[in-house]
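Per-entry structural report
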Amino acid sequence: MVISAALALPGVFGLCETAGTLNAETRSSDEVFKKWLTWQRVYEDVDLGDVDYLDEKAAGELAGSLPAAIRPQLKYLEPPASTQDRAALKGFAANLRETLAAFASPGDIEDWLAELAKPKTGFTSSAQNTAERESKFRKITAKYREFLEWISGAGEERAVEVRRFAIANRFFEYCFSPATHAQFRSFIDTPALRPIARMLYANIWYNLSGNGWRYWHADALAALRERSRAGGEIVYIAGGSDILLPIRNGIYNIRIIDPMFPSQTKYYSEGWEFLIRGRGPGGGRGDTIDFGGDGESGGIVMRRMSYREFGRFETGELSDGKKLTLPKSESVWELRDRKGAHLGRFTLERRFVSQADFHTRGKRSLLISFNELYYITASGSSGWGIDPRKFSDGVEIFVKQLRKPVDRAAMIHMRETNEADFYYIKLGTSVD
């Protein structure tokens with residue numbers, strides 16, 4: 001719908017417009033971000049040490065649904081031969097609760113895995129590692145995903161989803177945080193113990209990247225909102241069109257740096273091209289996005305203040321096999337409430353990210369999705385040419401799927417693990 005932005009929203013931006021804005025376009029936020037309305041969810045953190053939900057009835061249901069592929073490695077849980085054996089079921093329930101409670105923190109996970117690594121459990125062995133090394137990674141991933149989905153599956157659907165997201169968070173922290181990384185690295189470096197590393201990776205990957213690439217952690221949104229409200233700018237590396245939930249959560253000062261490849265539309269909402277450039281004069285100066293209604297996010301109107309190009313860049317070969325030359329550009333949008341009060345600014349820079357972008361200054365805070373966290377820490381052709389070892393000691397990056405920001409030490413550990421003699425799955429890939 002092409003109408004005058006000035007006439008459409010006089011109370012927000014006023015009537016003093018150039019003639020060019022007569023060709024400005026107004027779209028609703030539902031049109032621009034429709035995909036995110038159905039695809040995205042926000043998960044809060046939970047206390048994983050609270051396992052009272054797993055009563056004897058729930059344990060009985062789990063006993064009857066233990067996945068066949070992982071059963072030989074779970075003898076340590078002592079699953080009962082029959083759910084009618086009350087004594088055996090009671091012991092099985094206690095073992096399940098002990099394992100679930102071990103997911104509460106990286107330190108608890110460390111203690112649990114120290115026991116799981118012992119030969120008596122049967123979870124790891126040289127033969128098991130050889131079998132997995134010679135198998136297809138999808139088969140291995142399915143087995144270890146089924147393990148976590150099975151053991152965490154008691155309760156209502158939403159509670160289970162939140163629980164798995166929280167477990168994946170703790171698994172990530174365990175693998176790469178300085179306090180516990182050494183043990184994880186020992187599993188990587190000891191072939192017989194690599195099944196444990198694959199189990200951790202399978203569930204980090206799927207819940208935070210493969211399926212979780214679209215989701216947000218409530219704690220990340222809350223922290224970013226606080227920084228934005230204090231006048232800081234959130235620099236979202238490779239954020240695409242992913243601004244709906246940040247804006248709905250009161251994050252109004254956002255800068256995205258992303259080349260916005262046309263081959264990656266699966267990961268953008270419908271209005272991604274409109275966010276970059278409008279069809280009217282001046283690259284769509286005066287275009288608006290109306291969030292409709294009232295309230296904190298419903299009463300917001302975004303208006304394009306400027307569009308400029310500053311050179312061009314080569315994409316290299318894209319996932320669809322094409323090579324393109326695209327304009328480097330910057331589109332600046334202002335956010336106001338329905339009474340016209342200034343709220344913030346959204347800037348979209350269409351270009352590749354560089355090492356310099358990670359040198360934060362002033363009130364800038366860095367944000368990235370878990371998928372892209374992998375690519376800025378990976379070396380060689382697997383990565384984007386960014387070296388986390390060159391980051392300043394105090395740098396921290398908020399990750400949309402993580403409850404805590406990631407520091408330099410953790411990112412260096414990710415890079416070192418990527419360079420290790422262990423290849424299973426790239427944590428940055430996605431499937432859904």
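The rules we used
Residues numbered from 1 in each chain as written. Predicted model: local features only at pLDDT ≥ 70, side-chain atom pairs only at ≥ 80, totals over all residues. Heavy atoms only, no water. Helix = DSSP H or I, 4+ residues; strand = E, 2+ residues; numbered from the N terminus. Rg over C-alpha atoms; globule rule 2.2 N^0.38 Å. Buried < 20%, exposed > 50% of the residue type's maximum accessible area, 1.4 Å probe, protein only. Contact = heavy atoms within 4.5 Å. Areas by Shrake-Rupley, 256 points an atom, 1.4 Å probe, with all protein chains shown as cover. Lys, Arg positive; Asp, Glu negative; His and termini not counted. Charge placed at Lys NZ, Arg CZ, Asp CG, Glu CD. Salt bridge = Lys/Arg side-chain N within 4 Å of Asp/Glu carboxyl O. Axes fitted to C-alpha atoms, helices over the stretch in contact; angles between N-to-C directions. Parallel < 35°, antiparallel > 145°, perpendicular 65-115°, else oblique. Nonpolar A, V, L, I, M, F, W, Y, C, P; charged D, E, K, R; others polar. 1 Å grid on protein atoms, 1.4 Å probe; cavity = no way out; pocket = protein on both sides within 12 Å on 5 of 7 lines; lining within 4 Å. Points joined across faces, edges and corners; volume = space filled by probe spheres on them. Expected span 1.5 Å × (residues − 1). pLDDT = per-residue confidence, 0-100. Core = buried A, V, L, I, M, F, W, Y, C linked by side-chain atoms within 4.5 Å.

1. Quick look at the overall build of the chain
- Helix and strand counts for the chain come out as 18 helices and 12 strands.
- Computed over C-alpha atoms, the radius of gyration of the chain comes to 24 Å, within 12% of the 22 Å expected from 2.2 N^0.38 for 432 residues, which places it in the range of a compact globule.
- The proportion of buried residues among the 432 residues of the chain is 54%.
- Looking at the chain alone, contacts between residues at least 24 apart form 70% of all its contacts between residues at least 6 apart.
- By element, 49% of the accessible surface of the chain is carried by carbon and sulfur atoms, the whole surface being about 18,500 Å².
- Side-chain charges in the chain split into 59 positive and 57 negative, and the spacing between the mean points of these groups amounts to 4 Å.

2. So, the pattern of salt bridges
- Here the structure, examined in full by the defined rule, presents 30 salt bridges.
- The closest approach of N and O atoms between glutamate 25 and arginine 279, which form a salt bridge, is 3.0 Å. Pair noted here: glutamate 25 is in the loop between α2 (10-13) and β1 (26-28) and arginine 279 is in the loop between α15 (272-276) and α16 (281-284), with a separation of 254 residues, a long-range link.
- A residue is classified by how much of its surface remains accessible, and arginine 279, at 66% relative accessible area, is exposed.
- A salt bridge links arginine 41 to glutamate 161; its shortest N-O distance comes to 3.1 Å. Within this pair, whereas arginine 41 is found in the loop between α4 (34-39) and β2 (42-43), its partner glutamate 161 is found in helix α10 (residues 157-176), the two being separated by 120 residues in sequence.

3. Some remarks on the packing of helix α7 (residues 106-116) against α10
- Packing of α7 against α10 leaves a shortest axis separation of 9 Å and a crossing angle of 75 degrees. Accordingly, the angle class assigned to the pair α7 and α10 is roughly perpendicular. In this structure, α7 uses Pro106, Ile109, Glu110 and Leu113 to contact α10, whose residues at the interface are Arg170, Phe171, Glu173 and Tyr174.
- When grouped by side-chain class, the residues that make up the contact of α7 with α10 number 5 nonpolar, no polar and 3 charged.

4. Some remarks on empty space enclosed by the protein
- All told, the structure shown has 1 cavity of 30 Å³ or more when counted by the stated rule.
- A volume near 40 Å³ is recorded for the largest cavity.
- If you go around the largest cavity, the residues you meet are Trp216, Leu224, Ile234, Tyr236, Asp242, Pro246, Ile251, Ile254 and Leu367.
- Considering only residue class, the lining of the largest cavity consists of 8 nonpolar, no polar and 1 charged.

5. Things to note about the environment of arginine 308
- Tracing the sequence through the fold places arginine 308 in strand β7 (residues 300-317).
- Separated by 38 residues in the primary sequence, arginine 308 and phenylalanine 346 have C-alpha atoms spaced 14 Å apart.
- Once residues within four sequence positions are removed from consideration, arginine 308 is found in contact with Lys328, Ser329 and Glu330.

6. Some thoughts on helix α9 (residues 137-151)
- In this model α9 runs 21 Å from its N-terminal to its C-terminal C-alpha over 15 residues, within 8% of the 21 Å that 1.5 Å per residue would give.
- Of all the residues in α9, the buried ones are Ile140, Thr141, Lys143, Tyr144, Phe147, Leu148, Trp150 and Ile151.
- The elements touched by buried residues of α9 are α5 (56-63), α6 (86-101), α8 (126-133), α10 and α12 (194-210).

7. A word on the packing of α10 against helix α11 (residues 181-189)
- The interhelical angle for the contact between α10 and α11, taken along N-to-C directions, is 85 degrees, at an axis separation of 5 Å. Judged by the inter-axis angle, α10 sits roughly perpendicular to α11. Residues Tyr174, Cys175 and Phe176 of α10 form the contact with α11, whose participating residues are His181, Gln183, Phe184 and Phe187.
- Per-class residue counts for the contact of α10 with α11 are 5 nonpolar, 2 polar and no charged.

8. Notes on the confidence of the model for the chain
- Per-residue confidence for the chain gives a mean pLDDT of 90, with 93% of residues at or over 70.
- The least confident element of the chain, judged by mean pLDDT, is helix α1 (residues 5-8) at 40; the most confident is strand β3 (residues 216-217) at 98.
- Every residue in residues 1-8 is under pLDDT 50, and counting partners more than four places away or in other chains gives 24 contacts.
- Within the model, pLDDT remains below 50 along residues 15-19, and this stretch shows 5 contacts once partners closer than five positions in the same chain are excluded.

9. Points about the layout of surface pockets
- The computed volume of the largest pocket comes to approximately 950 Å³.
- In terms of lining residues, the largest pocket is bounded by 34 residues, among which Gln264, Tyr267, Glu372, Tyr375 and Trp384 are the most central.
- Among the elements of the structure, β4 (233-237) and α17 (370-377) are those that each provide at least two residues to the lining of the largest pocket.
- Here the lining of the largest pocket gets 3 residues from one element, more than from any other, and that element is α17.
- Classifying every residue of the lining of the largest pocket gives 16 nonpolar, 11 polar and 7 charged.

10. Focus on the nonpolar core
- Among the nonpolar cores identified, the biggest contains 85 residues, and Leu113, Trp150, Phe172 and Leu373 are the most heavily contacted of them.
- Discounting residues that sit within four places of it in the chain, tryptophan 150 has contacts with Leu62, Ser65, Leu66, Pro67, Leu74, Leu77, Phe92 and Leu96.

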